[in-house]
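Below, each chain spelled out in residue letters.
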Amino acid sequence: SVFFYAVVFFLLTPTAIWNWLISWTPERIQTPVNTSGYMAWDAISGYTRGIVIVAFCDALLVFIGLTIMQVPLAPALAALVFIGAFIPVIGAPIATFFAAVVALAERGPLIAVLVIALTVVVGSFDGDVLQPLVMGKAVSLHPLAIVFAIAAGSIAMGIVGALIAVPIAGAIYKVAKYLTGRDPEHPFPGPPPDLSPDPAPAA
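Residues numbered from 1 in each chain as written. Predicted model: local features only at pLDDT ≥ 70, side-chain atom pairs only at ≥ 80, totals over all residues. Heavy atoms only, no water.

(A) Layout of the overall build of the protein. When its secondary structure is counted, the protein shows 7 helices and 0 strands. Ordered by position from the N terminus, the helices and strands of the protein form the series α-α-α-α-α-α-α. Within the span of the protein, comprising 203 residues, buried residues form 33% of the whole. Carbon together with sulfur atoms contributes 76% to the accessible area of the protein, which is approximately 12,600 Å² in total. (Helix = DSSP H or I, 4+ residues; strand = E, 2+ residues; numbered from the N terminus. Buried < 20%, exposed > 50% of the residue type's maximum accessible area, 1.4 Å probe, protein only. Areas by Shrake-Rupley, 256 points an atom, 1.4 Å probe, with all protein chains shown as cover.)

Laid out in structure tokens, this is it:
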């Protein structure tokens with residue numbers, strides 16, 4: 001209940017809460033901390049919007065393909081693909097594998113092979129078109145980095161970790177580029193921030 005209460009206020013007054021938190025940091029690092037926070041939030045929110053679009057497109061393509069091949073439970077299997085697509089790279093293909101199992105049991109090996117081919121087509125469209133087009137600016141991570149992030153997240157927190165690993169990794173990477181002066185769109189204001197404690201006032 002406390003968590004829900006806090007989330008409501010964070011959603012209603014995010015700017016006021018963030019500005020209050022920033023006001024407690026030393027003045028010399030307020031600008032980089034403020035910019036880093038906004039960049040991290042932009043990466044996470046952009047990823048969230050993008051992954052919903054990608055998941056919907058994957059599920060729609062699978063639903064159309066399964067319907068054409070008359071595979072039973074096409075809507076349910078498409079919904080499974082939609083949920084699986086929230087885990088990038090590996091989620092949608094794994095979910096579509098279950099569709100191949102259903103096709104093998106209900107429609108025979110030929111339709112099962114066609115469903116596997118559909119998995120390859122959807123995976124290629126996802127990785128070559130949707131991910132770069134929709135997710136390119138939100139999470140600029142190499143596919144290998146995404147796989148490692150998912151593996152680390154799943155080891156640390158299970159399925160929840162696999163779901164949140166990529167947006168967190170993308171946010172960390174975006175902030176790290178900014179703080180090290182490697183982001184041409186957001187040049188760092190001067191030298192890296194001095195994180196040492198403020199000197200004690202003279203007596």
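From this point, the narrative continues.
(B) Spatial organisation of the packing of aromatic side chains. One pass over the full model with this rule turns up 4 aromatic pairs. Ring plane angle 80° and centroid distance 5.3 Å describe the contact between Phe82 and Phe86, whose orientation is recorded as edge-to-face. By relative accessible area, Phe86 is classed as partly exposed at 22%. (Phe/Tyr/Trp six-rings, centres within 6.5 Å; stacked < 30°, edge-to-face > 60°.)

(C) Molecular detail of the pattern of salt bridges. For the coordinates displayed, the defined rule picks out 1 salt bridge. The closest approach of N and O atoms between Asp42 and Lys174, which form a salt bridge, is 2.9 Å. In this pair, Asp42 sits in helix H3 (residues 30–68) while Lys174 sits in helix H7 (residues 143–179), placing the two residues 132 residues apart along the sequence. For Lys174, a relative accessible area of 16% corresponds to the buried category. (Salt bridge = Lys/Arg side-chain N within 4 Å of Asp/Glu carboxyl O.)

(D) Fine view of a nonpolar patch on the surface. A grouping of Met157, Ile159, Val160, Leu163, Ile164, Ile168 and Ile172 is seen on the molecular surface, where their side chains present a nonpolar patch of about 620 Å² in accessible area. Turning to its location among the elements, Ile159 is positioned in helix H7. In this structure Ile159 comes out as exposed when scored by relative accessible area, which is 55%. (Patch = residues over 30% accessible without salt bridge, like charges linked within 9 Å, V, L, I, M, F, W, Y side chains within 5 Å.)

(E) Molecular detail of the nonpolar core. Residues Leu66, Met69, Val71, Leu77, Ala103, Ile111 and Val115 are the most contacted members of the largest nonpolar core, which totals 20 residues. For this core, the secondary structure elements donating two or more residues are H3, helix H4 (74–84), helix H5 (91–107) and helix H6 (109–135). Setting aside its immediate chain neighbours within four residues, Met69 contacts Arg107, Ile111, Leu114, Val115 and Leu118. In terms of nonpolar packing, the next biggest core, distinct from the first, is built from 8 residues, Ile146, Ile150, Ala162 and Val166 among them. (Core = buried A, V, L, I, M, F, W, Y, C linked by side-chain atoms within 4.5 Å. Contact = heavy atoms within 4.5 Å.)

(F) Representation of the packing of helix H2 (residues 14–23) against H3 within the structure. Running from N to C, H2 and H3 cross one another at 145°; their axes reach a closest spacing of 10 Å. H2 and H3 meet at a crossing whose hand is right-handed. Facing H2, whose interface residues are Thr15, Trp18, Ile22 and Ser23, H3 presents Gln30, Val33, Asn34, Gly37 and Tyr38. (Axes fitted to C-alpha atoms, helices over the stretch in contact; angles between N-to-C directions. Left-handed = near helix turned anticlockwise from the far one by under 90°.)

(G) Spotlight on H7. Given a rise of 1.5 Å per residue, 37 residues ought to cover 54 Å, yet the end C-alpha atoms of H7 are separated by just 23 Å, more than 12% below that figure. At Met157, H7 is bent by approximately 150°, the largest bend along its length. Phi for Gly181, located one or two positions after H7, is positive at around 70°. (Expected span 1.5 Å × (residues − 1). Bend = angle between axes of the 7 residues up to and from the residue.)

(H) Region of the structure containing the environment of Leu73. Turning to its location among the elements, Leu73 is positioned in the loop between H3 and H4. Separated by 10 residues in sequence, Leu73 and Phe63 have C-alpha atoms that sit 9.5 Å apart.

(I) Examining the side chain of Thr119 more closely. Considering the arrangement of structural elements, one finds Thr119 in helix H6. Given a relative accessible area of 16%, Thr119 falls into the buried group. Each residue touching Thr119, except ones within four places of it in the same chain, is listed here: Pro93 and Thr96.

(J) Structural view of unusual backbone geometry. Positive phi is not limited to glycine here, since Gln70 has a value of about 60°. Position of Gln70 among the secondary structure elements: in the loop between H3 and H4. For Gln70, a relative accessible area of 55% gives the class exposed. With phi around 60°, Leu73 is a residue other than glycine that occupies positive phi space. Residue classification places Leu73 among the exposed residues on the basis of a relative accessible area of 56%.

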